[in-house]
Amino acid sequence: EVQLVESGGGLVKPGGSLRLSCAASGFTFNNAWMTWVRQAPGKGLEWVGRIKSRPDGGTADYAAPVKGRFTISRDDSKYTLSLEMNNLKTEDTAVYYCTTLIWGAGMEAADYWGQGTLVTVSS
Amino acid sequence: QSVLTQPPSASGTPGQRVTISCSGRSSNIGSNYVYWYQHLPGTAPKLLIYRNNQRPSGVPDRFSGSKSGTSASLAISGLRSEDEADYYCAAWDDSLSGWVFGGGTKLTVL
């Protein structure tokens, strides 16, 4: 069974830092492109960024609002995805989800999401 | 302001067919696949449609997707009360080098 479990959310002051983790199991993490998506209170879904699998280069892309402040990394040996968030702003307050899209041999897709972790940026 | 434009709300009665539109640009919908998600409050989003019109295993064939030019649509036929949720379209944007979502459409089953 595929599972994604986020952790690390909490309350942080503006300008502060926080590190989110996503523990993966039930699939070949090494080959998966992993993504962070967030939802601010009362708002829609927003793509935060993604990291490619190491076989595909292992590079990360970021949404403009977080570029330069957030860093996505992965530890394939521990099946863990991380999101390092620095210089946090009140507008970063949101539920953060890790997610992945797994492609079958016949190019059929299946998506998996964590339960989400709440990050609150407030003084 | 979202890069992809969706109507904020839609509604229908049980058994009806409803469509939700998603409008974009040549850099996103015009040149890349469209994905649709269903999101119920307090739960994780769920992929309904990928690559414009493909359904993941387990998604009822009441849900269908289409794309034409820089616009896409999600159709839900035989509307049911459990379809009441927020629906989002998404696509990769070549200009932004990132995924973009629509603002979401809240579907009410009357």
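**Q** Teacher, can you tell me more about the overall build of chain B here?
**A** Counting secondary structure elements, chain B contains zero helices and nine strands. Secondary structure of chain B in N-to-C order comes out as β-β-β-β-β-β-β-β-β. In summary, chain B has a C-alpha radius of gyration of 13 Å against a globular reference of 13 Å for 110 residues, a match within 12%. Its C-alpha atoms give chain B principal-axis dimensions of about 40 × 25 × 25 Å. In chain B, which comprises 110 residues, the share counted as buried stands at 47%. At a minimum sequence separation of 6, the contacts of chain B that also span at least 24 residues come to 57%. Just so you have it, chain B exposes about 5100 Å², and 45% of that area is on carbon and sulfur atoms. Distance from the positive charge centre (9 side chains) to the negative charge centre (7 side chains) of chain B: 4 Å.

**Q** Explain the interface of chain B and chain A to me, please; I cannot follow it from the model alone.
**A** Bring the parts together and some accessible area is lost; that lost area is often taken as the interface size. Listed per partner, the contact involves 18 residues of chain B and 18 residues of chain A. Between chain B and chain A, roughly 1500 Å² of surface is buried when both sides are summed, and carbon and sulfur atoms account for 65% of that area. Put simply, chain B and chain A have zero salt bridges between them. Applying the counting rule to chain B against chain A returns five residue pairs in polar contact (both at pLDDT 80 or more). When residues of the side of chain B that touches chain A are traced back to their parent elements, those giving at least two are strand 3 (34-39), strand 4 (46-49), strand 7 (85-93) and strand 8 (98-101) of chain B. By residue class, the composition of the side of chain B that touches chain A is 11 nonpolar, five polar and two charged.

**Q** Explain the environment of glycine 10 of chain A here, please?
**A** All names here are of chain A. Along the chain, glycine 10 turns up in strand 2 (residues 10-12). Taking the relative accessible area as the measure of exposure, glycine 10 reaches 25% and is therefore partly exposed. Each residue touching glycine 10, except ones within four places of it in the same chain, is listed here: Leu18, Leu118, Val119 and Thr120.

**Q** Would you mind showing me how to read the nonpolar core here?
**A** One broad trend across soluble globular proteins is that nonpolar side chains are buried collectively. The biggest cluster of nonpolar side chains holds 27 residues, and the ones touching the most others in it are Trp36, Leu81, Leu83, Met85 and Tyr96 of chain A. Elements with a minimum of two residues in this core: strand 3 (18-25), strand 4 (34-39), strand 5 (45-51), strand 7 (70-75), strand 8 (80-85), strand 9 (94-103) and strand 11 (117-121) of chain A. When residues of this core are assigned to their parent elements, the largest contribution, four residues, is made by strand 3 of chain A. Ignoring any residue separated from it by four or fewer positions in sequence, one finds tyrosine 96 of chain A in contact with Glu6, Leu20, Trp36, Val37, Arg38, Val48, Phe70, Leu83, Met85, Gly116, Thr117 and Val119 of chain A. In this structure, Val34, Ile76, Tyr87 and Ala91 of chain B belong to the second largest nonpolar core, which totals 23 residues.

**Q** I keep staring at the side chain of arginine 74 of chain A and nothing clicks. Help me out?
**A** All names here are of chain A. Inspection of the secondary structure assignment puts arginine 74 in strand 7. Look at arginine 74 and you get buried, because its relative accessible area is 7%. Among the polar contacts made by the side chain of arginine 74, one reaches the main-chain carbonyl oxygen of alanine 32 at a distance of 2.8 Å. Polar side-chain contacts of arginine 74 include one of 3.0 Å to the backbone oxygen of lysine 52. Residue contacts for arginine 74: discarding those within four places in its chain leaves Phe29, Asn30, Ala32, Trp33, Met34, Ile51, Lys52, Ser53, Arg54, Thr80 and Leu81.

About the criteria used
Position labels on residues start from 1 in each chain and follow its written sequence. Chain labels run from A onward and ligand labels from 1 onward, assigned in the order the entries are written. Residue-level local features of this predicted model are given only where pLDDT is at least 70; pairs of side-chain atoms are given and counted only at 80 or more, and the full residue set underlies all totals for whole chains, interfaces and linings. For the side-chain quantities, the full set of heavy atoms in the structure was used; hydrogens and water were omitted. Elements are defined by DSSP. Helices are runs of H or I of four residues or more, strands are runs of E of two residues or more, and each kind is numbered from the N terminus. In this setup the radius of gyration rests on C-alpha atoms only. A globule is expected at 2.2 Å times the number of residues raised to 0.38. Residue burial is assigned from relative accessible area. The probe radius is 1.4 Å, only protein chains are included, and a residue is buried under 20% of its type maximum, exposed over 50%, and partly exposed in between. Working rule for contacts: check all heavy atoms of both residues, and any pair within 4.5 Å makes them a contact. All accessible areas in this document rest on Shrake-Rupley with a 1.4 Å probe, and a residue is counted as covered only by the protein chains that are shown. The positive count covers Lys and Arg only, the negative count covers Asp and Glu only, and His and the chain ends enter neither. Here the site of a charge means NZ on Lys, CZ on Arg, CG on Asp, or CD on Glu. The term buried area means the drop in 1.4 Å probe accessible area that two parts suffer when joined, counted for both and summed. The term salt bridge refers to a side-chain nitrogen of Lys or Arg lying within 4 Å of a carboxyl oxygen of Asp or Glu. Any pair of N or O atoms that falls within 3.5 Å is considered a polar contact. Within protein, one atom must be able to donate a hydrogen and the other to accept it, and sequence-neighbouring residues count only if both atoms are side-chain atoms. Side-chain classes follow a simple rule in which Ala, Val, Leu, Ile, Met, Phe, Trp, Tyr, Cys and Pro form the nonpolar group, Asp, Glu, Lys and Arg form the charged group, and the remainder, Gly included, forms the polar group. As used here, the term nonpolar core means buried Ala, Val, Leu, Ile, Met, Phe, Trp, Tyr and Cys residues forming a set that is joined through side-chain atoms within 4.5 Å.

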